[in-house]
Amino acid sequence: MSPVEENVSLTDGMHLLVKALKLNGIDKIYGVVGIPVTDLAREAQKQGIRYIGFRHEQSAGNAAAITGFLTKKPGICLTVSAPGFLNGLISLANATVNGFPMIQISGSSDRSIIDLQQGDYEELDQMNIAKPFAKASYRINKPEDIAIGVARTIRAAVSGKPGGVYLDVTANLLQTAIDKIAAEKTLFSPEDPAPSFIPSRDSIQKALSLLSKAKKPLIILGKGAAYAQTDENIKTFIEKTGIPFLPMSMAKGLLPDDHIQSAAAARSFVLKNADTVILLGARLNWLLSHGKGSHWNPNVKFIQLDIDPKEIDSNHFIAGPIVGDIASSMNSLLEELPNYSFNFDSNWNSSIEDIKKTNEVKMNEKLNLSSNPLNYYNALKVVKEVLDAHRDIYLVNEGANTLDDTRNVVNMYYPRRRLDCGTWGVMGIGMGFAIGAAVTSGKPVLAIEGDSAFGFSGMEISTICEYNLPVTIVVFNNGGIYRGDGLNLSGGSDPSPTTLMETARYDKLIEAFGGVPYNVSTGEELKKAIVAGITSLKPTLINCIIDPKAGTESGHITSLNPKHLSDK
Ligand code: ADP
Ligand code: TPW
Ligand code: MG
């Protein structure tokens with residue numbers, strides 16, 4: 001019997017922690033239970049917080065991270081000590097790298113034993129280990145500190161540039177009794193946990209005067225812009241100025257991909273030729289070749305909107321930094337806009353339009369070339385058609401060719417609908433993101449997965465079926481990492497490093513949990529199965545047979561593979 005049940009005037013750390021989370025607006029927790037957090041999850045459920053139990057902490061963490069991205073509130077992942085903590089830590093690191101607000105709460109063992117390394121059950125110095133992977137890392141040792149500890153954790157996750165925060169809760173904290181009335185009086189929810197960061201007027205004016213000198217301007221939309229949820233202002237700014245825009249992967253749909261000003265189909269051309277580029281919540285990292293090299297106009301000037309001043313000049317001189325939150329920065333830009341006039345090259349937009357048309361013709365040729373077995377393009381033609389007809393769906397996407405080709409072929413029409421491998425290009429986000437998106441939005445989710453990518457989180461189809469989530473998974477089964485026709489250079493009988501079983505029937509897996517299986521090898525079959533999945537709202541897994549010879553090494557980033565002497 002817990003102290004609470006024994007004595008109504010007492011509460012304990014476990015009950016108080018749940019109360020604090022609830023008071024802070026936390027309405028769901030993703031996790032895997034065990035000592036010392038099982039009762040914590042039970043109590044959360046009892047107090048009306050939805051608890052979604054996973055098969056692996058990494059997926060629970062990914063669900064939490066994507067919940068954070070979609071809602072601007074921290075998603076919560078609950079794990080046990082040492083191994084559970086470490087399993088979750090990968091997703092916490094990924095959330096931090098991508099700027100998603102997420103909190104990992106892990107139970108931990110006895111401090112005095114851990115500190116003397118005397119070998120406690122699941123002993124690990126978790127708080128310190130989390131530090132380099134998290135935006136912040138805290139531990140609560142006393143129930144009196146729960147209110148402050150939770151408030152700090154939440155504020156750290158959502159304020160400024162969002163990220164992953166680790167919160168260590170010791171087994172001792174969870175069981176320590178405390179006077180109930182006094183303890184509940186300590187609880188509070190933080191005032192304005194994600195305050196606006198208003199940019200300086202100077203920075204706005206400087207940026208607009210730079211823009212007024214531009215001849216060939218371009219706006220690059222990043223996932224920071226998508227996160228900011230200031231969609232209307234971004235659209236107004238883009239449409240009022242008439243500047244072409246290029247969405248980064250998870251910013252697709254911020255403005256519809258078929259918008260006349262989208263330069264996505266002329267990407268190389270606009271990067272190479274733009275003389276002034278506005279980075280709107282996008283970093284000049286590897287995904288943009290660091291703003292340097294043959295992909296870029298050597299004389300390009302950058303205007304960068306970011307909440308994190310450290311991102312300015314990170315890779316390239318930024319002539320027009322605007323440090324602030326994007327909602328405030330867009331407001332200020334729109335206010336000042338009427339005071340500036342622009343003189344863009346009259347044929348900049350029309351030359352982009354010409355390139356787009358040429359590239360679209362080439363793309364349509366690829367999409368319409370039928371092949372047997374299917375290749376990525378004719379399979380994705382079908383996915384595109386379905387999503388053109390069902391625009392409000394969430395699309396989760398991971399793999400190499402499966403990722404890159406889907407991004408290029410499938411249009412998005414609404415903000416924050418495309419959820420993918422992000423900054424790290426990490427495999428394993430698939431099922432966690434799909435579950436997080438389905439739980440958060442209540443809408444159907446379509447996950448387009450490479451066969452390798454799916455393997456990293458595939459066991460979560462159990463979770464999808466158990467919670468009866470409207471998730472349809474398509475496994476693009478080409479029998480391998482990148483391609484299914486790799487060779488074992490020894491000539492031996494082991495498969496090559498890139499080979500996976502092309503005969504694998506991924507659809508059979510979901511049968512074990514009562515989901516709906518499909519095995520398809522033609523476009524028509526694929527279309528029927530996807531439509532059935534997303535309209536029935538039943539957990540569905542489609543094994544889509546793709547030519548093992550389709551695809552390229554590393555998808556569209558082949559050139560990042562180290563070049564060895566034999567290749568030179
Ligand atoms: P992408 O991969 O889409 O290019 P990145 O993750 O590299 O996007 O960059 C997103 C940037 O957006 C980060 O530098 C982050 O600091 C910034 N950011 C996130 N949220 C906001 C916000 N609300 N306001 C301003 N900047 C933001
Ligand atoms: C956590 C390396 C990048 S892409 C990929 C791997 C293993 C799988 C590509 O094969 P898939 O897609 O999914 O079948 P396709 O269409 O090209 O055949 N471990 C982690 N993250 C990454 N990025 C890797 C390994 C990798
Ligand atoms: Mg594959």
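(A) A look at the environment of Asp231. Mapped onto the secondary structure, Asp231 falls in helix 13 (residues 231–241). Residue classification places Asp231 among the buried residues on the basis of a relative accessible area of 18%. In this structure, the C-alpha to C-alpha distance between Asp231 and Ile154, residues 77 residues apart in sequence, is 24 Å. Discounting chain neighbours no more than four positions away, the residues touching Asp231 are Leu254, Pro415 and Arg416.

(B) Structural view of the site of ligand 2. Of all residues adjacent to ligand 2, which total 17 residues, the nearest are Tyr376, Asn401, Thr402, Gly425 and Asp451. Separating a nitrogen atom of ligand 2 from a backbone N or O atom of Gly425 is a distance of 2.8 Å. One of the backbone nitrogen or oxygen atoms of Gly480 is found 3.0 Å away from an oxygen atom of ligand 2. Compared with its free state, where it exposes 590 Å², ligand 2 has 77% of that area covered by protein. A per-element tally of the shell around ligand 2 places helix 20 (residues 451–457) first, with 4 residues. In terms of residue class, the shell around ligand 2 is made up of 8 nonpolar, 8 polar and 1 charged.

(C) View of the sheet that holds strand 19 (residues 540–545). Pairing in this open sheet of 6 strands is parallel, and the strands run 15-14-16-17-19-18 from one edge to the other. For this open sheet the edge positions go to strand 15 (418–420) and strand 18 (516–520), each flanked by a neighbour on one side alone. Direction aside, neighbouring strands of the sheet carry axes that sit 15° apart on average. Strand direction decides the pairing type here: strand 14 (residues 394–398) and strand 15, joined by 3 bridges, are parallel. Across the sheet, residue Val396 finds its bridge partner in strand 15, namely Leu419.

(D) The nonpolar core, seen in detail. Counting 51 residues, the largest nonpolar core has Phe69, Leu419 and Ile473 as the members making the most contacts within it. What Ile473 contacts, discounting residues up to four positions off in sequence, is Met431, Ala447, Glu449, Phe454, Ile461, Ile464, Thr540, Leu541 and Ile542. Leu78, Ile105, Ile154 and Ile178 belong to the second-largest nonpolar core, a separate cluster that totals 35 residues.

(E) Broad picture of the site of ligand 1. Neighbouring residues of ligand 1: 19 residues in total, closest Lys223, Gly281, Arg283, Asp306 and Ile326. Residue Ile307 places a main-chain N or O atom 3.1 Å away from a nitrogen atom belonging to ligand 1. One of the backbone N or O atoms of Ile326 is found 2.8 Å from a nitrogen atom in ligand 1. Summarising the interface, the protein chains cover 95% of the accessible area of ligand 1, which totals 590 Å² for the free molecule. No other element matches the 4 residues that helix 12 (residues 223–228) contributes to the shell around ligand 1. Looking at the shell around ligand 1 residue by residue, the class counts come to 6 nonpolar, 6 polar and 7 charged.

Scoring rules and cut-offs
- Residues numbered from 1 in each chain as written.
- Chains lettered and ligands numbered in written order.
- Predicted model: local features only at pLDDT ≥ 70, side-chain atom pairs only at ≥ 80, totals over all residues.
- Heavy atoms only, no water.
- Helix = DSSP H or I, 4+ residues; strand = E, 2+ residues; numbered from the N terminus.
- Buried < 20%, exposed > 50% of the residue type's maximum accessible area, 1.4 Å probe, protein only.
- Contact = heavy atoms within 4.5 Å.
- Near = heavy atom within 4 Å.
- Polar contact = N/O pair within 3.5 Å; in protein donor to acceptor, adjacent residues only side chain to side chain.
- Areas by Shrake-Rupley, 256 points an atom, 1.4 Å probe, with all protein chains shown as cover.
- Nonpolar A, V, L, I, M, F, W, Y, C, P; charged D, E, K, R; others polar.
- Pairing = 2+ DSSP bridges.
- Axes fitted to C-alpha atoms, helices over the stretch in contact; angles between N-to-C directions.
- Core = buried A, V, L, I, M, F, W, Y, C linked by side-chain atoms within 4.5 Å.

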